[in-house]
Amino acid sequence: MQRVALARAMYDNPVIVILDEPNSNLDNDGSVALNQAIRSLKENGTSVLIMAHRPAAIQECDMLLVIDGGTRAAFGPKDQVMRDMLTNHEELRKSAGMGGVQ
């Protein structure tokens, strides 16, 4: 079902795509396919906004906005925000493969 929804969102070269927890209920192969689709959208000039809790969902993000209790906790380049916010940021970065989590 997630892949069908993503295909519909990508139809007709959209300018912006908003994805809310796009990798929920996906196995690793589905997460890999999702991240490949996000990469393709970005290469075609589409802006992609992702709301997510799972690290695998933000693998293709360039910038992160962290909201905590309705307030902006951090905003900036993904690697910098993860370094500033997470004690295990190196482990997360290393565990992410080509789109999924190993």
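Right above here is the structure, for reference.
Described below are features of the structure shown in this document.

What counts and how
Residues numbered from 1 in each chain as written. Predicted model: local features only at pLDDT ≥ 70, side-chain atom pairs only at ≥ 80, totals over all residues. Heavy atoms only, no water. Helix = DSSP H or I, 4+ residues; strand = E, 2+ residues; numbered from the N terminus. Buried < 20%, exposed > 50% of the residue type's maximum accessible area, 1.4 Å probe, protein only. Contact = heavy atoms within 4.5 Å. Areas by Shrake-Rupley, 256 points an atom, 1.4 Å probe, with all protein chains shown as cover. Pairing = 2+ DSSP bridges. Core = buried A, V, L, I, M, F, W, Y, C linked by side-chain atoms within 4.5 Å. Patch = residues over 30% accessible without salt bridge, like charges linked within 9 Å, V, L, I, M, F, W, Y side chains within 5 Å. Salt bridge = Lys/Arg side-chain N within 4 Å of Asp/Glu carboxyl O.

## What about the overall build of the protein chain?
Along the backbone of the protein chain there are four helices and four strands. Tracing the protein chain from N to C terminus, the helices and strands come up as α-β-α-β-β-β-α-α. Classification of the 102 residues of the protein chain by burial places 32% in the buried group. Taking contacts inside the protein chain between residues at least 6 apart in sequence as the whole, the part at least 24 apart equals 50%. Surface accessibility of the protein chain: about 7,000 Å² in total, with carbon and sulfur atoms responsible for 52%.

## What about the pairing of strand S4 (residues 71–77)?
With six bridges connecting them, strand S3 (residues 63–68) and S4 associate as antiparallel partners. Its bridge partner being in S4, leucine 65 is matched across the sheet by phenylalanine 75. Here S3 hands over to S4 after two residues, with glycine 69 in that stretch at a positive phi of 65°.

## Thoughts on the nonpolar core
With 16 residues, the main nonpolar core has Leu19, Ile38, Val48, Ile50 and Leu64 as its most contacted residues. The biggest single contributor to this core is helix H2 (residues 28–43), with four residues. In contact with leucine 64, other than residues within four places in its own chain, are Ile58, Ala74, Phe75, Gly76, Lys78, Val81 and Met82.

## Considering unusual backbone geometry
Notably, asparagine 13 is not glycine yet its phi reads approximately 50°, a positive angle. Residue position: asparagine 13 is located in the loop between helix H1 (2–10) and strand S1 (16–20). Relative accessible area serves as the criterion here: at 66%, asparagine 13 is assigned to the exposed category.

## Looking at a nonpolar patch on the surface
A contiguous nonpolar surface patch, about 480 Å² in accessible area, is contributed by Val15, Ile16, Ile18, Leu49 and Met51. Listing elements by their share of the nonpolar patch, those giving two or more residues are S1 and strand S2 (47–51).

## Regarding the environment of alanine 52
Positionally, alanine 52 belongs in the loop between S2 and S3. In the structure, alanine 52 is positioned 30 residues away from proline 22 in sequence and 7.5 Å away in space, judged by C-alpha atoms. Setting aside its immediate chain neighbours within four residues, alanine 52 contacts Glu21, Ala57 and Ile58.

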